[in-house]
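For reference, the chains in residue letters:
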Amino acid sequence: MKNENGYAPSAKTIAAISTPQAPGGIGIVRLSGPRAKEIAGKVFTSRHGKTLEDVKGYTALYGRVHDGETDIDEAIALNFTAPASFTGEDVVEISCHGGLYIMRRVLKAVFAAGAVPAGPGEFTRRAFLNGKIGLTEAESVMQIISAQGEQAAKAALAGHDGALEKKIIKIRGMLIEAAAHLSAWADYPEDDIPQVNPEKLQTTLLTVKSEIEHLLRQFDAGRAIREGVATVIAGRPNVGKSTLMNLLAGCERSIVTEYAGTTRDIVEDTVILGDVPLRLSDTAGIRLTDDPVEKIGVDRARGKLREAQLVLAVFDSSQELNGEDRELVSAIRESAAIAVINKSDLPAKIDVQYINKYFQQIVYISALSGEGLQELKDAVAEVLRTSELNPADGILFTERQRDAARQAGDCVTEALTAVESGMTLDAVTVSIEGAVSALLELTGERATEAVVDSVFSHFCVGK
Ligand SMILES: Nc1nc2c(ncn2[C@@H]2O[C@H](COP(=O)(O)OP(=O)(O)OP(=O)(O)O)[C@@H](O)[C@H]2O)c(=O)[nH]1
Ligand SMILES: [Mg+2]
């Protein structure tokens, strides 16, 4: 028998430890499947003789968990009755003391009583297959678990509440309406179907395109907030890179002296600037040098620069620009970068016009006094586009989602080109249908088994 989602419910009852594989106050062994209550009943005996099958759903029973012969621990068994559970199946959670030895013994007893080990993410996978949650919501379960900061947690929760799915369904609705009108008009020309207005069609497609582009732009910003950004502080010697590092870190992380060539090795620290975790690297001042030790430092700085996701290019406001500054500017042409004009407390000599020409974001700062720090935060949020991020709006979380959105965007662009170049409306319909199918894959409504497998392979066992 298949459920409304088109999947046959699983006959197997799975079990796993759902709390971390580490000692804790409480540990939970979770079972899900048609025999969950019966199997749990074989290893759990309640104090007052009630069984999990007698009591109604959402009842907690207190008792002992055992392996049929000896008691393992005292425990609480909580039952959820299908379909009103996380997985949509009968679920029992046995909460015992959170010692690893105890939890493993309980799990072993549950296996001996007839359950099979749950695969990675299998509980969430069953929730998806049983139509309890969409694929994007399932993916955000992982994001909620791994969120490190407030913004990231908020975004993950919004995804779990279906913000992305709603957004995709809205976009898809617009496309489906356009495609339906096109087909009806092409198939039943004698009926009274209003003629397709190419301008209106174009407007719809442009709206959809800009919504998809907006989602794609936010992908990188969302990732910056979730995973942090590899940020390199670079510049010629003595411009105040290490002073800036210390200002951002809030402690004396790097050595600062008035001598050029102080920093040799890369000094690293992670700081949260605004909402974004920056993995900072303070580097050696880039210049030609005969000092063999400094030379290694300069090479390392250049290497770091190539890997950087964001460069804070530091210049000394009190000095004229020199060849080393210009070399840095040309080395980071392709990178996301902010020009940080430091020592703003001193009389300015720097040629700002030159900097203006190459950087979109310029910040004046005194790393010594901290003046200008807020402007730097704003510039970082601007460059990484985290200032535009609105979790309630729906955010693409995973590369899988991003790729599907990209594909949909490409199809919409194709459809637009077809409309603009006066191609047959059939060609437009084909492209629109391509976009719809990419969006169906994004939400998981038409995802292949391979896609579903790969989504859940990233989960841990017990989730
Ligand atoms: N007046 C003023 N001096 C600063 C400022 N920032 C740094 N300095 C001074 O500039 C000198 C060099 O600072 P560092 O932070 O070591 O410079 P750096 O770029 O790390 O230098 P290297 O490691 O040698 O490449 C020190 O004497 C700092 O006190 C600033 O904003 N204003
Ligand atoms: Mg330094």
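See above for the structure.
## What about the pairing of strand 2 (residues 24-32)?
Here's step 1: The pairing of strand 1 (residues 14-17) with strand 2 spans 4 bridges and is classified as antiparallel. By the bridge assignment, Ile14 is partnered in strand 2 with Ser32.
Here's step 2: Where strand 2 and strand 6 (residues 91-98) come together, 8 bridges link them in antiparallel fashion. In the strand pairing of strand 6, Ser32 is matched with Val91.

## Digging into the nonpolar core
Here's step 1: Formed by 32 residues in total, the largest nonpolar core has its most connected members in Leu175, Leu201, Leu205, Val428, Ile432 and Leu442.
Here's step 2: Only helix 6 (163-187), helix 7 (198-227), helix 13 (399-420) and helix 14 (425-443) provide two or more residues apiece to this core.
Here's step 3: Counting residues in each nonpolar core, the second largest holds 27 residues, with Ala36, Val92, Val110 and Ala115 among its members.

## Quick word on the sheet that holds strand 6
Here's step 1: Strand order across the open sheet formed by 7 strands is 3-4-5-6-2-1-7, with mixed pairing between neighbours. On the outer flanks of this sheet lie strand 3 (44-46) and strand 7 (116-117), each paired with one strand and no other.
Here's step 2: The sheet contact formed by strand 3 and strand 4 (residues 60-66) spans 3 bridges and is antiparallel. Among the inter-strand pairings, Phe44 is bridged to a residue of strand 4, identified as Val65.
Here's step 3: Here helix 2 (residues 100-112) sits on the sheet and contacts strand 1, strand 2, strand 4, strand 5 (71-80), strand 6 and strand 7; the angle it forms with strand 6, its principal contact strand, is near 150 degrees.

## Regarding the side chain of Glu165
Here's step 1: As for its placement among the helices and strands, Glu165 is situated in helix 6.
Here's step 2: Here Glu165 is buried and forms no salt bridge, its nearest opposite-charge partner Arg172 lying at an N-O distance of 7.3 Å.
Here's step 3: Filtering out sequence-adjacent residues up to four positions away, Glu165 remains in contact with Gly134, Leu135, Thr136, Glu137 and Thr443.

## Observations concerning the site of ligand 1
Here's step 1: In the region of ligand 1, 23 residues are neighbours, and Lys241, Thr243, Gly261, Thr262 and Asp345 sit closest.
Here's step 2: Leu368 is positioned such that a nitrogen or oxygen atom in its backbone is 3.2 Å from an oxygen atom of ligand 1.
Here's step 3: Isolated, ligand 1 exposes 640 Å² of accessible area, and the fraction of that covered by the protein chains is 90%.
Here's step 4: Top contributing element to the shell around ligand 1 by residue count: helix 8 (residues 241-249), with 3 residues.
Here's step 5: Looking at the shell around ligand 1 residue by residue, the class counts come to 8 nonpolar, 11 polar and 4 charged.

## Some remarks on the coordination of the magnesium ion (ligand 2)
Here's step 1: In this structure, Ser242 (OG) and Thr263 (OG1) serve as the protein donors to the magnesium ion (ligand 2), at separations of 2.0 Å. Highlighted residues: Ser242 in helix 8 and Thr263 in the loop between helix 8 and strand 9 (267-273), separated in sequence by 21 residues.
Here's step 2: Note on Thr263: relative accessible area 12%, which makes it buried.

## A short note on the environment of Ala178
Here's step 1: Looking at where Ala178 falls in the secondary structure, it is placed in helix 6.
Here's step 2: The spacing of Ala178 and Ala82 is 96 residues in sequence and 40 Å in space, taken between C-alpha atoms.
Here's step 3: When residues no more than four places from it in sequence are discounted, the contact partners of Ala178 are Leu201 and Ile432.

## Considerations on the pairing of strand 5
Here's step 1: Summarising the sheet, strand 4 and strand 5 pair through 7 bridges and their orientation is antiparallel. Residue Ala60 lies in a different strand from strand 5, and its bridge partner there is Leu78.
Here's step 2: Where strand 4 folds back on strand 5, the antiparallel hairpin that results is connected by 4 residues, among which Gly68 adopts a positive phi of roughly 100 degrees.
Here's step 3: Here strand 5 pairs with strand 6 via 5 bridges, running antiparallel. What sits directly across from Ile76, in strand 6, is Ser95.

## Quick look at unusual backbone geometry
Here's step 1: At the junction of Ala82 and Pro83, the peptide bond is cis and its omega measures out at 0 degrees in the coordinates.
Here's step 2: The phi angle at Asn238 is positive, at roughly 75 degrees, despite the residue not being glycine.
Here's step 3: Relative to the assigned elements, Asn238 resides in the loop between strand 8 (229-234) and helix 8.
Here's step 4: A residue is classified by how much of its surface remains accessible, and Asn238, at 33% relative accessible area, is partly exposed.
Here's step 5: Although it is not a glycine, Lys343 adopts a positive phi angle of roughly 65 degrees.
Here's step 6: Structurally, Lys343 is set in the loop between strand 12 (337-342) and helix 11 (352-358).

## Some points on the packing of helix 13 against helix 14
Here's step 1: Viewed as axis vectors pointing N to C, helix 13 and helix 14 meet at an angle of 170 degrees, and their least axial separation amounts to 8 Å. If you check the angle between helix 13 and helix 14, you find them roughly antiparallel. Classified by chirality, the crossing of helix 14 by helix 13 is left-handed. Contacts from Arg400, Gln401, Ala404, Ala405, Gln407, Ala408, Cys411, Val412, Glu414, Ala415, Ala418 and Val419 in helix 13 reach Val428, Ser431, Ile432, Gly434, Ala435, Ala438, Leu439, Glu441 and Leu442 in helix 14.
Here's step 2: The class makeup of the residues in the contact of helix 13 with helix 14 is 14 nonpolar, 4 polar and 3 charged.

## A few points about the packing of aromatic side chains
Here's step 1: In the structure shown here, the tally under the stated rule is 4 aromatic pairs.
Here's step 2: Where Tyr58 meets Phe80, the ring centres are 5.8 Å apart and the plane angle is 80 degrees; that geometry is what we call edge-to-face. In this pair, Tyr58 sits in the loop between strand 3 and strand 4 while Phe80 sits in strand 5, placing the two residues 22 residues apart along the sequence.
Here's step 3: By relative accessible area, Tyr58 is classed as partly exposed at 47%.
Here's step 4: Over the aromatic face of Phe123 sits the side chain of Arg30, whose NZ or CZ is 4.3 Å from the ring centroid.
Here's step 5: Sitting over the face of the ring of Tyr354, Arg326 holds its NZ or CZ atom 5.4 Å from the ring centroid.

Quick notes on the rules
Residues numbered from 1 in each chain as written. Chains lettered and ligands numbered in written order. Predicted model: local features only at pLDDT ≥ 70, side-chain atom pairs only at ≥ 80, totals over all residues. Heavy atoms only, no water. Pairing = 2+ DSSP bridges. Helix = DSSP H or I, 4+ residues; strand = E, 2+ residues; numbered from the N terminus. Core = buried A, V, L, I, M, F, W, Y, C linked by side-chain atoms within 4.5 Å. Buried < 20%, exposed > 50% of the residue type's maximum accessible area, 1.4 Å probe, protein only. Contact = heavy atoms within 4.5 Å. Axes fitted to C-alpha atoms, helices over the stretch in contact; angles between N-to-C directions. Lys, Arg positive; Asp, Glu negative; His and termini not counted. Salt bridge = Lys/Arg side-chain N within 4 Å of Asp/Glu carboxyl O. Near = heavy atom within 4 Å. Polar contact = N/O pair within 3.5 Å; in protein donor to acceptor, adjacent residues only side chain to side chain. Areas by Shrake-Rupley, 256 points an atom, 1.4 Å probe, with all protein chains shown as cover. Nonpolar A, V, L, I, M, F, W, Y, C, P; charged D, E, K, R; others polar. Donors = N, O, S within 2.8 Å, 3.2 Å for Na, K, Ca; no water. Parallel < 35°, antiparallel > 145°, perpendicular 65-115°, else oblique. Left-handed = near helix turned anticlockwise from the far one by under 90°. Phe/Tyr/Trp six-rings, centres within 6.5 Å; stacked < 30°, edge-to-face > 60°. Lys NZ or Arg CZ within 6 Å of the ring centre and 35° of its normal.

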